[in-house]
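Listed below, chain by chain, are the residues.
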Amino acid sequence: MLSPRRMAIAAAILIFGSRLIFLYVLPSLQTIVTDFPNYYVSAWAVRHGEPLTQLYNPLWFERAKRRAGIERPAALFNYFPPMNAMIMWPLATLAPIAAKRAWTVVNIIALMVVIHLAAKVSGLEWPAAALIALLAGDALGNNFTYGQFYVVLTLFMLSAVVLSERWPLIAGVATAAGTLTKIFPGFLLAYFVIRRQYRAFVWSIATLALLAAFEYAAMGWAPHHTYVQEVLGRTLRGEIQDPYNVHWNTLQAFLRRALLRDDLLNPAPILDASWLFFFLRPLLSISVVAATLYCISRSRRCHVLLEYGALIAMVSLVSPSQASYHQFLFYPGMAGLIAREKSWPNKLCWGLVFTMMCSNLMGATARYDHGVAMIAAFPRAWIVVILWLVFLLMLDPRLPRISLAAVASAAAAIVVLVAIAVAENRRWIADVSDGASRVLLEAPADLEIEPRFVAGRLVTSVLGPDGFNGPPQMEDAASTSPDGKWTAFATDQRGNWDIAIRSNETGEIRFLTSSSANDLTPSFSPDGRSVYFASDRHRGYRFTTIYRVSIDGQ
């Protein structure tokens, strides 16, 4: 006969499991919603030999989405590493809905393996470990609904830390696959070093080289060149999608929202102090990473799941954006934390915290996005801060010794950060100081591109929930002035995309913009005196809005 505790666990599994199946798993087998097309279309393009020179171009990706057989929803290959295009490469020969069903099966298998590993390492019985996974609720379910990658990524990262000693080859393969697809698992390389798991480190490096060679053979150099030249820097600076969006619920998003003003995306920060943001952002990231790695290296209670939890919390604190489905990455760490607790009230408390963090309700306070009240708009960020501190304290690290060398190193780091902040602030100011001015649109959207005049009226291509609002034009199409004397075009000659004009009589080329962002799709005004174009300055990479610049600099 089952004990009351086991009966309660069985009943909870039935309730939460039924919710997952009926609200998320079964619908995922019948529908395609964002973000599955992002992965599928890129894999389809690779599998079918599409030219990948424009992989990061949202207009090209829209056309590729339709060629792949998906009319809606919207799809972008926005700031992903090129390896993301290989995630669903084995499924790209299937029709979109068949591939979505196959990917759902892959996620179910990965979930089962993750639960098994977490149970084995934590000492929990399998039903208890399964219940904790189901407490992830919306985060877990959204992985199925959106066709996301984070259940599989959890398996990669958990396998890396759990198997690094006994099975270093598997740990290395898992680390390499995670790093090439999402970058942040690269922190596991540092983890292997400080934990003296050198065989896992060597296997990771070797597998990274092999996978990179395979990726290059399959995709060529073009998307990698774009990623290195245009995307990576913007990603590291947190300039992706709408970087001010409170729904990201991260500390970086909070700092940006609090300290950087944008007329359209963030008109009411707590303090308009860009220089302070560019100082605090790297200071926060470096401090969190250094503290985490120090506590793991100096811990007196070695517990692999708590170390895993500290690493995931660290990544969450330095990430610019996160959605609910990212939070399933915390599951193994929370399983380890709950397993370590002795009392049932404490176990239930941490289970409730995990459920709250994974819930879609974390966005309920997003309306508090102006002024000091925006502190309430980031509840998940504050929960992650608490969990990070708890994981570190439970590792019981030895206190660091304060020495003259340590103080001098800290002072030098501060000087470097101040220099970085000054340079970044100058870039930020210069990006909107080239004479171009933002065009006020009647209904501004997150991504507007291809300004053009139809019957004297300015129209644009707008990205909506189902894709662009009309057949997109060719992004590299040039525009000729009404008098035929000039041609406006976008060029990446100087490392990023700028707008230039070329004389059709003499061949003279004159640059009109000088932002470090991307200025694209130029079009002459009806009077020929101005050029309208799309730009992602002060925004996320390729999330453009419309600007105007005079051809004579006035």
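Further up the page is the structure itself.
Once a new chain begins, its residue numbering starts again from 1 and follows that chain's sequence as written. With pLDDT at 70 or above as the cut-off, local features in this predicted model cover only qualifying residues; side-chain atom pairs require 80 or more to be listed or tallied, and sums for whole chains, interfaces and linings still use all residues. Side-chain figures throughout are based on the complete set of non-hydrogen atoms in the structure, without hydrogens or water.

Visitor: Explain the overall build of the protein chain here, please?
Guide: Of regular secondary structure, the protein chain possesses 18 helices and 11 strands. When the backbone C-alpha atoms are referred to their principal axes, the protein chain occupies close to 90 × 60 × 45 Å. Residue burial in the protein chain is summarised as follows: out of 554 residues, 56% are buried. Any two residues whose heavy atoms approach within 4.5 Å are treated as being in contact. Long-range pairs, those at least 24 residues apart, make up 67% of the contacts in the protein chain with a sequence separation of at least 6. Under the convention used here, a 1.4 Å probe and the Shrake-Rupley method define accessible areas, while residue burial counts only the protein chains that appear. Looking at the protein chain as shown, the accessible area adds up to about 23900 Å², and 65% of this sits on carbon and sulfur atoms. Counted as positive: Lys and Arg. Counted as negative: Asp and Glu. His and the chain ends are not counted at all. A single reference atom marks each charge: NZ on Lys, CZ on Arg, CG on Asp, CD on Glu. Of the charged side chains in the protein chain, 47 are positive and 37 negative, and the gap between their average positions amounts to 12 Å. Elements are defined by DSSP. Helices are runs of H or I of four residues or more, strands are runs of E of two residues or more, and each kind is numbered from the N terminus. For every residue, the accessible area obtained with a 1.4 Å probe (protein chains only) is divided by the maximum for its type, and the residue is called buried under 20%, exposed over 50%, and partly exposed between those limits.

Visitor: Any chance you could explain unusual backbone geometry here in plain terms?
Guide: Outside of glycine, negative phi angles account for most residues, and trans bonds account for most peptide bonds. Look at the link from Thr34 to Asp35: it is a cis peptide, with omega at 25°. With respect to the helices and strands, Asp35 occurs in the loop between α1 (4-28) and α2 (36-47). In this structure, the amide linkage connecting Arg72 to the following residue, Pro73, adopts the cis form with an omega of 10°. Among the structural elements, Pro73 can be located in the loop between α3 (58-67) and α4 (96-122). Backbone geometry places Arg542, a non-glycine residue, at a positive phi of 65°. By the secondary structure assignment, Arg542 is in the loop between β10 (530-535) and β11 (545-550).

Visitor: Is there a simple way to explain the nonpolar core in this structure?
Guide: In summary, soluble globular proteins display a tendency toward joint burial of nonpolar side chains. By convention a nonpolar core is built from buried Ala, Val, Leu, Ile, Met, Phe, Trp, Tyr and Cys residues, the set being connected through side-chain atoms within 4.5 Å. With 143 residues, the main nonpolar core has Tyr331 and Phe354 as its most contacted residues. Among the elements that make up this core, the one with the highest residue count is helix α14 (residues 304-318) (11 residues). Setting aside chain neighbours within four positions, we find Phe354 in contact with Ile132, Leu135, Ala136, Gln327, Phe330, Tyr331 and Met334. The next biggest cluster of nonpolar side chains, apart from the first, holds 14 residues, and it includes Leu447, Leu463, Phe468 and Phe543.

Visitor: Would you mind showing me how to read helix α5 (residues 126-134) here?
Guide: Each α-helix turn comprises 3.6 residues. Residues three or four places apart therefore point the same way. Of all nine residues making up α5, seven are buried, and the element is well covered by its neighbours. Among the residues making up α5, those that are buried are Ala128, Ala129, Ala130, Leu131, Ile132, Ala133 and Leu134. Elements that come into contact with the buried residues of α5 comprise α1, α4, α6 (137-145), α15 (331-340) and α16 (344-358).

Visitor: Can you help me understand a nonpolar patch on the surface in this one?
Guide: Where nonpolar side chains cluster on the molecular surface, the patch consists of Val105, Ile108, Ile109, Met112, Val113 and Trp126 and spans about 500 Å² of accessible area. At five residues, the largest contribution of residues to the nonpolar patch is made by α4. Residue position: Ile109 is located in helix α4. Patch members must show over 30% relative accessible area and no salt bridge, and they are joined within 9 Å when carrying like charges or within 5 Å when they are nonpolar side chains of Val, Leu, Ile, Met, Phe, Trp or Tyr. By definition here, a salt bridge exists when the distance from a side-chain nitrogen of Lys or Arg to a carboxyl oxygen of Asp or Glu is within 4 Å.

Visitor: Explanation requested: the packing of aromatic side chains in the structure shown.
Guide: Centres within 6.5 Å make a pair out of two Phe, Tyr or Trp rings, where for Trp the six-membered ring is used; the pair is then stacked when the planes are under 30 degrees apart, edge-to-face when over 60, and tilted otherwise. The tally for this structure, following the rule as stated, stands at 21 aromatic pairs. Taking 5.6 Å as the distance between ring centres and 50° as the angle between the ring planes, the aromatic pair formed by Tyr79 and Phe80 counts as tilted. Geometrically, the ring pair formed by Phe453 and Tyr532 is edge-to-face, given 5.0 Å between the ring centres and 80° between the ring planes. One end of the pair, Phe453, is in strand β2 (residues 448-454); the other, Tyr532, is in strand β10, with 79 residues separating them in the sequence. Residue Phe453 is classed as partly exposed on the basis of its relative accessible area, which comes to 24%. Relative accessible area serves as the criterion here: at 13%, Tyr532 is assigned to the buried category. Counting every residue linked through ring pairs, the aromatic cluster contains Tyr39, Tyr56, Trp60, Phe61, Phe77, Tyr79, Phe80 and Tyr227. To sit over a ring, a charge needs its Lys NZ or Arg CZ within 6 Å of the ring centre and within 35 degrees of the ring normal. The lysine or arginine in question, Arg47, covers the ring of Trp89, its NZ or CZ lying 4.1 Å from the ring centre.

Visitor: Hey, could you run me through the pattern of salt bridges in this one?
Guide: As a working rule, side chains carrying opposite charge can pair if their charged atoms are close by. Throughout the structure, instances matching the rule amount to 24 salt bridges. Among the salt bridges present, the one from Glu307 reaches Arg195, with a minimum N-O distance of 2.6 Å. Of the two residues, Glu307 is situated in helix α14 and Arg195 in the loop between α9 (187-194) and α10 (198-219); the sequence distance between them amounts to 112 residues. For the pair Glu307 and Arg195, a shared accessibility class is recorded, and that class is buried. One salt bridge in this structure joins Arg237 and Glu239, with 3.5 Å as the shortest N-O distance.

Visitor: Can you help me understand the state of the cysteines in this one?
Guide: Linking two cysteines covalently via their sulfur atoms produces the bond known as a disulfide. Cysteine sulfurs are considered disulfide-paired once they come within 2.5 Å of each other. Within the structure shown, the criterion is met by zero disulfides. Looking at Cys349, it has no disulfide partner, and the nearest cysteine sulfur is the one in Cys358, 15 Å off. For Cys349, a relative accessible area of 42% translates into the label partly exposed.

Visitor: It is not clear to me how the pairing of β10 should be interpreted in this structure. Could you clarify?
Guide: Within a regular beta strand, the side chains point alternately toward one face of the sheet and then the other, so they alternate between its two faces. In terms of burial, β10 is a largely internal element, six of the six residues being buried. Bridge count between strand β9 (residues 519-524) and β10: four bridges; the pairing is antiparallel. The partner of Asp519 across the bridge, within β10, is Ser535. Paired strands, in this sense, are two strands between which DSSP finds at least two bridges. Linkage of β9 to β10, two consecutive antiparallel strands, is achieved through a turn of five residues, within which Gly528 is found at a positive phi near 75°. By the bridge criterion, six bridges tie β10 to β11 in an arrangement that is antiparallel. Within β11, the position partnered with Ala534 by the bridge is Ile546.

Visitor: Looking at this structure, I do not really get the packing of α9 against helix α13 (residues 274-297). What am I missing?
Guide: Describing two packed helices takes the angle between their axes plus the distance from one axis to the other. Taken N-terminus to C-terminus, the directions of α9 and α13 make an angle of 30°; their axes are 10 Å apart at the nearest point. You can see that α9 and α13 cross each other, and the crossing is right-handed. Between α9, through Phe187, Ala190, Tyr191 and Ile194, and α13, the contact on the second element is made entirely by Val289, Leu293, Ile296 and Ser297. Note on residue classes: Ala, Val, Leu, Ile, Met, Phe, Trp, Tyr, Cys and Pro are nonpolar, Asp, Glu, Lys and Arg are charged, and everything else, Gly too, is polar. Within the contact of α9 with α13, the residues separate by chemical class into seven nonpolar, one polar and no charged. Fitting a line to C-alpha atoms yields each axis, with helices limited to the stretch in contact; the angle taken between N-to-C directions then spans 0 to 180 degrees. In this scheme, a crossing is called left-handed if the near helix is turned counterclockwise away from the far one by less than a right angle; it is called right-handed if the turn is clockwise.

Visitor: When you look at α16 in this model, what are you seeing that I'm missing?
Guide: Every helix has an expected span of 1.5 Å times one less than the residues it contains. Taking 1.5 Å per residue as the helical rise, α16 with its 15 residues ought to reach 21 Å, and the 21 Å between its terminal C-alpha atoms agrees with that figure. Buried within α16 are the following residues: Lys347, Trp350, Gly351, Val353, Phe354, Met357 and Cys358. Along the axis of α16, the buried positions cluster into a sector of 155°, meaning they face one direction only. Across α16 from its buried face, at more than 90 degrees, point the exposed residues Pro345, Leu348 and Leu352. The elements touched by buried residues of α16 are α5, α6, α15 and α17 (379-394). Within this analysis, the arc is defined by the directions that extend from the helix axis to the C-beta atoms.

Visitor: I tried to follow the pairing of strand β3 (residues 457-464) on my own but got confused; where do I start?
Guide: Sheet analysis places β2 next to β3, joined by five bridges and oriented antiparallel. Looking at β3, one finds that Phe453 is bridged to Leu458. From the end of β2 to the start of β3, which pair antiparallel, there are two residues, and Ala455 there has a positive phi angle of about 55°. Strand direction decides the pairing type here: β3 and strand β4 (residues 467-468), joined by two bridges, are antiparallel. The partner of Gly464 across the bridge, within β4, is Gly467. With antiparallel pairing between neighbouring strands as the criterion, β3 and β4 make up a hairpin whose turn holds two residues.

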